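In case you want the letters, here they are:
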Amino acid sequence: MPDELFTLAAATSGAPASAPFGRVLTAMVTPFLDDGGLDVEGTAALAEKLVADGCDGLVLSGTTGESPTTSDAEKELILRTVLDAVGSRARVVAGVGTNDTRHTSELAQIAQKAGAHGLLVVTPYYSKPPQEALFQHFTAVASATDLPVMLYDIPGRTGAAIETETLVRLAEHDRIVAVKDAKGDVFASSEVMARTSLAYYSGDDSLNLALLTHGAVGVVSVVSHVAAGEYAQMIRAVDSGDLRRALDLHRRLIPAVRGIMNRTQGAIMAKAAVQLLGAIQNRTVRSPLIPATDEQVALLRADLSEAGLA
């Protein structure tokens, strides 16, 4: 690409006006013991490592945190453990989304009492609510506490997208301040960013650079388990208009994204990756997930090595 295209952004770029949950957030795995029980010490240690590596936010009890198979009591314990470990140094966002508005609101209130800095609320899954129902669901949950809310738009998992006009309406709520975007439609996301003050976070590691260059304020990343520092550098490069540097980082991380996100389910490989790097003791997951095989781990080791992360 001609140099002038890389320098053109420099005159108009800069850090976004508002990044309410930080810039580099990790959608954190939930460490388990060999018997499947919650590894409380491992949870604290992993949170400490991620913040030391460059994360300024952690999202707990999301898909990567295996929220479908942790109890409400375990979710609260995970949250309190991470807040105690790093809550003074990073924004800690509690995943509270379910496909039951009442249950989601209850989890939101529990998270507020525990001290969460914000809430991640996913589109209700499986039941495929119409857009007006989505609007009412998110409004009810956002009104249940005083915490800022990040909506999670991931139709590939939930079966229903949050449409542009619905997001524009939701942006009028004082506590709905951000979107974790895994819709895979950069143009639609760009339109919402143009029409609202919602802070967008890339929720798809393959599109991190694309969304950042369209105005996203940061990432909620799985690959940041092993590449938090690199994503922080990418964000700084975009902020400063150094798109060549940002592109170099994006291309360097392609093998890591491939290894963690494309070979099998992301939580499975994220746990294998942090175990390879010595951050957790084992790669135990709860059924219906199954741990990464030795063959998958060998491929992952090669992917991380190719990305310069081994």
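Conventions and cut-offs
- Residues numbered from 1 in each chain as written.
- Predicted model: local features only at pLDDT ≥ 70, side-chain atom pairs only at ≥ 80, totals over all residues.
- Heavy atoms only, no water.
- Helix = DSSP H or I, 4+ residues; strand = E, 2+ residues; numbered from the N terminus.
- Rg over C-alpha atoms; globule rule 2.2 N^0.38 Å.
- Buried < 20%, exposed > 50% of the residue type's maximum accessible area, 1.4 Å probe, protein only.
- Pairing = 2+ DSSP bridges.
- Right-handed = clockwise from strand over helix to strand, strands pointing away.
- Contact = heavy atoms within 4.5 Å.
- UniProt positions renumbered as here; feature names shortened; annotations may be inferred.
- Axes fitted to C-alpha atoms, helices over the stretch in contact; angles between N-to-C directions.
- Parallel < 35°, antiparallel > 145°, perpendicular 65-115°, else oblique.
- Left-handed = near helix turned anticlockwise from the far one by under 90°.
- Nonpolar A, V, L, I, M, F, W, Y, C, P; charged D, E, K, R; others polar.
- Salt bridge = Lys/Arg side-chain N within 4 Å of Asp/Glu carboxyl O.

**Q** Explain the overall build of the protein to me, and be specific about the residues and the numbers.
**A** Scanning the protein for helices and strands turns up 13 helices and 8 strands. Against the compact-globule benchmark of 19 Å for 310 residues, the protein has a radius of gyration of 18 Å, which places it among compact chains. In terms of principal-axis extent, the alpha carbons of the protein reach across some 55 × 45 × 35 Å. In the protein, which comprises 310 residues, the proportion classed as buried is 55%.

**Q** Give me the lowdown on the pairing of strand β8 (residues 218-221), citing residues and values where you can.
**A** A two-sided burial pattern is seen for β8, the buried positions comprising G218 and V220 on one face and V219 and S221 on the other. One ladder, built from 3 bridges, connects strand β1 (residues 24-27) with β8; its direction is parallel. Bridge pairing links L25 to V220 in β8. Sheet analysis places strand β7 (residues 199-202) next to β8, joined by 2 bridges and oriented parallel. The residue bridging Y201 from the neighbouring strand is G218, located in β8. In this view, the connection linking β7 to its parallel neighbour β8 by way of helix α9 (residues 208-213) has right-handed handedness.

**Q** Account for the environment of L77, with residues named and values stated.
**A** Within the secondary structure, L77 is located in helix α3 (residues 72-86). A relative accessible area of 39% means that L77 is categorised as partly exposed. Considering only alpha carbons, one finds L77 and A114, 37 residues apart in sequence, at a separation of 8.9 Å. In contact with L77, other than residues within four places in its own chain, are L38 and V40.

**Q** Describe in detail the UniProt feature "active site" (unreviewed entry) in the protein, supporting the description with residues and values.
**A** The positions UniProt marks with the feature "active site" (unreviewed entry) are Y152 and K180. Spanning 29 residues, the annotated positions come together in the fold, the maximum distance between their C-alpha atoms being 4.7 Å. Mapped onto the fold, Y152 is located in strand β5 (residues 149-153). Those residues within four positions of Y152 in sequence are excluded, and the remaining contacts are T63, L120, V121, V122, T123, I162, K180 and A182.

**Q** Now, about the sheet that holds strand β3 (residues 91-95): what can you tell me, with residues and values included?
**A** Across a sheet, paired strands are connected by hydrogen bonds in the backbone, their directions being either parallel or antiparallel. The strand order β1-β2-β3-β4-β5-β6-β7-β8 describes a closed barrel built from 8 strands, whose pairing is parallel. Across this sheet, the average inter-strand angle for adjacent strands is 25 degrees, counted without regard to direction. Its contacts with the sheet place helix α10 (residues 224-240) against β1 and β8, and it is angled at close to 160 degrees to β1.

**Q** Residue-level account of the packing of helix α11 (residues 243-262) against helix α13 (residues 294-306), with values.
**A** Two elements in contact, α11 and α13, have axes separated by 7 Å at closest approach and are oriented at 160 degrees. When the axes of α11 and α13 are compared, the pair comes out roughly antiparallel. Crossing geometry of α11 relative to α13 is assigned as left-handed. Contacts from P255, A256, R258, G259 and I260 of α11 reach α13 at L300, D303, L304 and E306. The residue makeup of the contact of α11 with α13, split by class, is 5 nonpolar, 1 polar and 3 charged.

**Q** A description of the pattern of salt bridges should follow, citing residues and the corresponding values.
**A** Proximity of charged atoms lets side chains of opposite charge pair with each other. This structure, assessed with the given rule, holds 15 salt bridges. Between R286 and E74 there is a salt bridge, and its shortest N-O distance comes to 2.8 Å. Of the two residues, R286 is situated in the loop between α12 (266-276) and α13 and E74 in helix α3; the sequence distance between them amounts to 212 residues. In this structure E74 comes out as buried when scored by relative accessible area, which is 19%. Among the ionic pairs, D294 bridges to R283, the shortest N-O distance being 2.9 Å. On the criterion of sequence distance, the pair formed by D294 in helix α13 and R283 in the loop between α12 and α13 is long-range, its members being 11 residues apart. For R283, a relative accessible area of 19% gives the class buried. Salt bridges here are not isolated pairs; linked through shared partners, they connect R258, R263, D303 and E306.

**Q** Outline the UniProt feature "binding site: pyruvate" (unreviewed entry) in the protein, supporting the account with residue identities and numerical values.
**A** The UniProt record marks T64 and V220 with the feature "binding site: pyruvate" (unreviewed entry), using the residue numbering of this structure. A maximum C-alpha distance of 11.0 Å places the annotated residues, which cover 157 residues in sequence, within one compact spot. Summarising the element assignment, T64 is placed in the loop between β2 (57-60) and α3. Excluding its chain neighbours within four sequence positions, the residues that come into contact with T64 are A27, M28, V29, T30, V222, H225, A267 and A270. Taking the relative accessible area as the measure of exposure, V220 reaches 2% and is therefore buried. Those residues in contact with V220 that sit more than four places away from it in its chain are L25, A27, V59, M150, K180, Y201, S202 and G203.

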